[in-house]
Amino acid sequence: MTVSAPVRPLEQAASGPTPKPAKSNAVLEVEDLRVHYVTRFGHKIQAVDGVSFSLKQGEILGIAGESGCGKTTLVSGCMGLYIPPLFHTSGDVRIDGKSIVGMTLEQNRKEVLGQKIAMIPQGALNSLNPTRKIKDMAADMILSHDESADKKSINDRLRERFTRIGLDADHVLNSYPVELPAGTKQRCVIGISTLLNPKVVVADEPTSALDVSTQKAVIKLLFELMDQEIISSMLFITHELPLLRHVSSSIAVMYAGEFVEYGTTEQVIFEGRQPYSRALMGSMLSAEPGQKSRKPVAIEGAPPKLDKPIPGCRFAERCPVAQPDCRTTEQVLRIVAGRQVRCKYADTEVVEQVGGGL
Amino acid sequence: MTDALKFQAKNISRVFGHGKKSVTAVDNVTFEIRDREIISLVGQSGCGKTVLAKMLLRLETPTSGELLFNGKPITATGDPRNHWRQVQAVFQDPFSCFNQFFTIRSQLKSSFRLFETKPSPGEIEERVDQALLAVNIKPKEVEGKYPFELSGGQMQRMLLARIFILKPQVLIADEPTSMVDACSRASILDYLLKLKEELSMTIVFVTHDIGLAYYISDSLYIMHKGKMVDRGAPDDVIKHPTSDVTKQLLEDIPDVHRQWIARGTPVHAAE
Ligand SMILES: Nc1ncnc2c1ncn2[C@@H]1O[C@H](COP(=O)(O)OP(=O)(O)OP(=O)(O)O)[C@@H](O)[C@H]1O
Ligand SMILES: Nc1ncnc2c1ncn2[C@@H]1O[C@H](COP(=O)(O)OP(=O)(O)OP(=O)(O)O)[C@@H](O)[C@H]1O
Ligand SMILES: [Mg+2]
Ligand SMILES: [Mg+2]
């Protein structure tokens, strides 16, 4: 797709290699990706069904959508983590122009994971091994991609990085996780996951179990990592829509394995053009005085099963403004009001009857 | 009987460990929970919300102070099932509450074991169906399914279906919406309100999302380091916070309409 928004200028590291003049400055490109599970009865579940997007330097793409819509499956696909029962159906994923589909898991672990694309684990606080010191866990990260690294150089690297992310490196590196307060542990997990300067960081609900103050600190750290060019772009998944508003530059709303709306944060949060994404945004609650009288919209019913093809719009069954032809006409993504939308009525007043209220 | 007190806590504390290494999880708190009200406990991680909730459930005992339920002290001895018939809970992680090796339906049916007199098998089936419908799940949708085959949001509704079966006087909901999307969250809040209205339930809602707490509760309690630092009607607490903790909490909430963290111009690939 065409690229038009201004790119925030990123300073070029003085000693770093000059970047090759790539045809696009996309860091991650996902093209018509389809990913499926095979259930224990042999049924095929098309959990991600034709998703395309690209992430540029400095971009944070937020992904929102109901439980089970395929967000985690999509990021597994983007990372090339095809572990049965998850399989790649078709489509391509390129990081820095290089395709990662078709790699063996072993090759992927060696060349891609952690290095080009890294994941910040969901239960970050519990992902540290309690019996090992922080420095040993961090050293493992380096050794997994560079077996020949010597102790001295590893130590130097760790101290440099931990200092850079605002930690007392000597103290923290020599501690066991239990000896550290929660906020510091969280920094360590993020510090370790991004040690190898991955191009893309995937954060799948990185803050869902955190209180608002800790959550804010985590987001600040992620922003610092981007500003310092330790990481260059991010895929950010969360159910906290207000958080998405502040963190992401673009938002994709997923429904039943597909993108139904994909645009800038402002467009999707405040001027959505697709009934599901409008309803989702309309269900946001906030602690602003006066909001109590506003009733959040709950969408009744359940998303469709993905084990067989669905004729027509996937949301039609539950759409409060579905028209007679919605159940039969297949919906394609098209550009309406400057963003991608999957709804035949996106450019009409019909969709405006849903949600909103922001 | 509307002003009757469900719970009365008088200077209760819960201390873990001894001496230097002891942790005071709940620190000398006094409060009352009235019949048919929804109260929310809000606060940062580790402030003692879950420990307090567990004391109400008789899963923890106060190390000092007095805790009354329906006017009588909650004792640590005797059959706890008597207490659990009246006070039930839904917890944060719905998957850990169900056994992965049994179907959802068989586990819902086994809830009836808590009853003093078990209904007939036919009636059990019927009541399970009703409970599923109450949380908007078609019984057919989950027929023969195991917990791992459902999404987080569906699982959370299963926990509420269990509550519709058990019909306790009090429901303790500890972060029941942490794993679900905004729409499902709105529907879970609706179910909680339905439980309050249709089954006259008293609800203790534990969360660190003050937005949810504000929307659903009749009283709001802000906790910090084991103490209750602010309490009152939600509007009062939000509009006139008295403690710095509450002010900071309100400040840290990402709100769509307010600046939260400063950032440069965003970058987009989407058009
Ligand atoms: N191992 C599996 N076998 C079969 N189906 C699966 C498996 N794991 C996930 N699914 C299905 O794939 C779909 C997408 O699941 P996924 O975990 O990606 O959703 P999600 O959007 O991340 O949800 P949540 O917000 O709850 O994390 C769901 O319908 C789910 O039931
Ligand atoms: N069994 C236990 N033994 C020792 N300390 C405990 C125990 N249970 C809780 N604590 C401590 O009591 C304090 C309060 O914990 P609690 O679980 O109530 O916090 P919370 O407010 O529910 O936090 P969260 O939002 O993270 O769930 C914490 O410091 C915790 O470490
Ligand atoms: Mg997920
Ligand atoms: Mg807790």
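Please read these numbers as outputs of a predicted model, since none were measured by experiment.

Peer 1: Even after reading the chapter, I still don't get the overall build of chain B, so can you show me in this structure?
Peer 2: The secondary structure content of chain B amounts to eleven helices and ten strands. On the principal axes, the C-alpha backbone points of chain B span a range of 60 × 60 × 40 Å. Here chain B holds 271 residues, and 53% of them are scored as buried. Measuring between centres, the 34 positive side-chain charges of chain B sit 6 Å from its 33 negative side-chain charges.

Peer 1: Whenever I open this one, empty space enclosed by the protein confuses me. Can you help?
Peer 2: To find the voids left in a structure, one rolls a probe of water-molecule size over its atoms. Here the structure, examined in full by the defined rule, presents six cavities of 30 Å³ or more. Looking at the largest cavity, its volume works out to about 360 Å³.

Peer 1: Help me out: how do you make sense of the pairing of strand β9 (residues 219-224) of chain B in this one?
Peer 2: When a strand is regular, its side chains alternate between the sheet's two faces. Residue and element names in this part refer to chain B. Most of β9 is tucked away, with five of its six residues classed as buried. Examined bridge by bridge, strand β3 (residues 38-43) and β9 share five bridges and lie parallel to one another. Across the sheet, the residue bridging to I39 is S219, located in β9. As consecutive antiparallel partners, β9 and strand β10 (residues 227-232) are separated by two residues, and within that stretch K225 has a phi angle of approximately 45 degrees, a positive value.

Peer 1: It is not clear to me how the nonpolar core should be interpreted in this structure. Could you clarify?
Peer 2: Side chains of a nonpolar character, in soluble globular proteins, are inclined to be buried together. Counting 77 residues, the largest nonpolar core has I134(A), F162(A), F236(A) and L280(A) as the members making the most contacts within it. Looking at this core element by element, the count peaks at seven residues for helix α7 (residues 212-227) of chain A. Mapping this core onto the domain boundaries places at least three of its residues in each of domain 1 (25-116 + 198-353) and domain 2 (127-195) of chain A. The contacts of L280(A), once residues within four sequence positions are left out, are A64(A), G65(A), L241(A), V253(A), D181(B), A182(B) and C183(B). In this structure, I104(B), M158(B), Y215(B) and I216(B) belong to the second largest nonpolar core, which totals 38 residues.

Peer 1: Please clarify how the site of ligand 2 should be interpreted in this entry.
Peer 2: All names here are of chain B. Close contacts around ligand 2 come from F16, V23, A25, Q44, S45, G46, C47, G48, K49, T50, V51 and H208, and that covers them all. G48 is positioned such that a nitrogen or oxygen atom in its backbone is 3.0 Å from an oxygen atom of ligand 2. For ligand 2, an oxygen atom lies 2.9 Å from a polar atom in the backbone of V51. Protein burial of ligand 2: of its 640 Å² of free accessible surface, 62% is covered by the chains. Listing elements by their share of the shell around ligand 2, those giving two or more residues are β2 (23-34) and α1 (49-56). Ranked by residues supplied to the shell around ligand 2, first place goes to α1 with three residues. In terms of residue class, the shell around ligand 2 is made up of five nonpolar, six polar and one charged.

Peer 1: Mind showing me how you'd approach the site of ligand 1 here?
Peer 2: All names here are of chain A. Within the structure, ligand 1 sits among Y37, A47, E66, S67, G68, C69, G70, K71, T72, T73, P85 and H239. Measuring from an oxygen atom of ligand 1, one finds a backbone N or O atom of G68 at 2.7 Å. Between ligand 1 and T73, the relevant distance is 2.4 Å, taken from an oxygen atom to a side-chain nitrogen or oxygen of the residue. Bound to the protein, ligand 1 loses 70% of the 640 Å² it would expose on its own.

Peer 1: Teacher, can you tell me more about the sheet that holds strand β4 (residues 86-95) of chain A here?
Peer 2: Think of a sheet as strands paired side by side through backbone hydrogen bonds, with each pair either parallel or antiparallel. Residue and element names in this part refer to chain A. Here four strands make up an open sheet; going across it, the order is β2-β1-β4-β5 and the pairing antiparallel. Two strands in the sheet have a free side with no partner beyond their single neighbour: β2 (44-56) and β5 (98-99). Its contacts with the sheet put helix α1 (residues 71-79) on β1 (26-38), β2 and β4, and the angle it makes with β1 is roughly 120 degrees.

Peer 1: How do you make sense of helix α5 (residues 121-134) of chain B when you look at a structure like this?
Peer 2: In an α-helix there are 3.6 residues to a turn, and that puts residues three or four apart on one side. All names here are of chain B. For α5, built from 14 residues, the straight-helix expectation of 20 Å at 1.5 Å per residue is met to within 8% by its first-to-last C-alpha distance of 20 Å. The set of residues buried in α5 consists of I124, V128, A131, L132 and A134. In an axial view of α5, the angular spread of the buried residues amounts to 155 degrees, which keeps them on one side of the axis. Once α5 ends, the next one or two residues include N136, with phi positive near 65 degrees.

Peer 1: Help me out: how do you make sense of the domain arrangement of chain A in this one?
Peer 2: One frequently used descriptor of interface size is the decrease in accessible area upon assembly of the parts. Residue and element names in this part refer to chain A. The domain architecture assigned to chain A consists of domain 1 (25-116 + 198-353) and domain 2 (127-195). Centre-to-centre separation of domain 1 and domain 2, based on C-alpha positions: 31 Å. The partner domain 2 presents eleven residues to the 18 residues of domain 1 that form the contact. For the pair domain 1 and domain 2, the summed buried area comes to about 1200 Å², and 60% of that belongs to carbon and sulfur atoms. Where domain 1 packs against domain 2, one counts one salt bridge. In this structure, K110 engages E147 in a salt bridge whose closest nitrogen and oxygen atoms are separated by 3.2 Å. Put simply, domain 1 and domain 2 have four residue pairs in polar contact (both at pLDDT 80 or more) between them.

Peer 1: What am I meant to see in the packing of aromatic side chains here?
Peer 2: Ring pairs (aromatic) are described by centroid distance and by the angle formed between their planes. By the definition in use, this model includes eight aromatic pairs over all chains. Centroid distance F7(B) to F69(B): 5.0 Å. Interplanar angle 40 degrees. Geometry classified as tilted. Of this pair, F7(B) sits in strand β1 (residues 5-16) while F69(B) is found in strand β4 (residues 64-69), placing the two residues 62 residues apart along the sequence. You can call F7(B) buried: its relative accessible area is 0%. Given the relative accessible area of 8%, F69(B) is considered buried. Members of the aromatic cluster, connected to one another through ring pairs, are F53(A), F259(A) and Y262(A).

Peer 1: How should I be thinking about the pairing of β1(A) in this particular structure?
Peer 2: All names here are of chain A. Summarising the sheet, β1 and β2 pair through nine bridges and their orientation is antiparallel. In the strand pairing of β2, V30 is matched with F53. The loop that links β1 with its antiparallel partner β2 comprises five residues; one of these, G42, has a positive phi angle of about 85 degrees. Strand direction decides the pairing type here: β1 and β4, joined by eight bridges, are antiparallel. Each residue of the ladder has a partner; that of L28, found in β4, is I95.

Peer 1: Whenever I open this one, the packing of α7(A) against helix α11 (residues 244-252) of chain B confuses me. Can you help?
Peer 2: Working note: a packed helix pair is described by the angle between its axes plus the distance between those axes. For the pair α7(A) and α11(B), the least separation of the axes is 8 Å and the interaxial angle reads 45 degrees. On the basis of the axis angle, α7(A) is oblique to α11(B). In this structure, α7(A) meets α11(B) at a crossing whose hand is left-handed. Here V212(A), S213(A) and K216(A) of α7(A) come into contact with α11(B), specifically with L249(B), E251(B) and D252(B).

Peer 1: Help me understand the sheet that holds strand β11 (residues 334-336) of chain A in this model?
Peer 2: All names here are of chain A. With respect to topology, eight strands assemble into an open sheet ordered β6-β7-β8-β3-β9-β10-β12-β11, the strand pairing being mixed. Taken across any chain shown, the strands that pair with only one partner, and hence form the sheet edges, are β6 (117-120) and β11. Averaged over all pairs of adjacent strands, the angle between strand axes in this sheet comes to 25 degrees, irrespective of strand direction. Across four bridges, strand β3 (residues 60-64) lies against strand β8 (residues 233-237) in parallel orientation.

Peer 1: Before we go on, may I ask you to explain unusual backbone geometry in this structure?
Peer 2: Residues apart from glycine generally show negative phi values, whereas peptide bonds are mostly found in trans. Of note, the bond from P84(A) into P85(A) is cis; its omega dihedral lies within 30 degrees of zero at 10 degrees. Among the secondary structure elements, P85(A) is positioned in the loop between α1 and β4. Within the chain, K167(B) stands out as a residue other than glycine whose phi angle is a positive 45 degrees. Relative to the helices and strands, K167(B) is located in the loop between α7 (152-166) and β7 (170-174). Classification of K167(B) as partly exposed rests on a relative accessible area of 46%. Phi is positive for K225(B), close to 45 degrees, though the residue is something other than glycine. Take K225(B): its relative accessible area is 65%, and that puts it in the exposed class.

Quick notes on the rules
Residues numbered from 1 in each chain as written. Chains lettered and ligands numbered in written order. Predicted model: local features only at pLDDT ≥ 70, side-chain atom pairs only at ≥ 80, totals over all residues. Heavy atoms only, no water. Helix = DSSP H or I, 4+ residues; strand = E, 2+ residues; numbered from the N terminus. Buried < 20%, exposed > 50% of the residue type's maximum accessible area, 1.4 Å probe, protein only. Lys, Arg positive; Asp, Glu negative; His and termini not counted. Charge placed at Lys NZ, Arg CZ, Asp CG, Glu CD. 1 Å grid on protein atoms, 1.4 Å probe; cavity = no way out; pocket = protein on both sides within 12 Å on 5 of 7 lines; lining within 4 Å. Points joined across faces, edges and corners; volume = space filled by probe spheres on them. Pairing = 2+ DSSP bridges. Core = buried A, V, L, I, M, F, W, Y, C linked by side-chain atoms within 4.5 Å. Domains from an automatic or database assignment. Contact = heavy atoms within 4.5 Å. Near = heavy atom within 4 Å. Polar contact = N/O pair within 3.5 Å; in protein donor to acceptor, adjacent residues only side chain to side chain. Areas by Shrake-Rupley, 256 points an atom, 1.4 Å probe, with all protein chains shown as cover. Nonpolar A, V, L, I, M, F, W, Y, C, P; charged D, E, K, R; others polar. Axes fitted to C-alpha atoms, helices over the stretch in contact; angles between N-to-C directions. Expected span 1.5 Å × (residues − 1). Arc of directions from axis to C-beta. Buried area = accessible area lost by both parts, 1.4 Å probe. Salt bridge = Lys/Arg side-chain N within 4 Å of Asp/Glu carboxyl O. Phe/Tyr/Trp six-rings, centres within 6.5 Å; stacked < 30°, edge-to-face > 60°. Parallel < 35°, antiparallel > 145°, perpendicular 65-115°, else oblique. Left-handed = near helix turned anticlockwise from the far one by under 90°.

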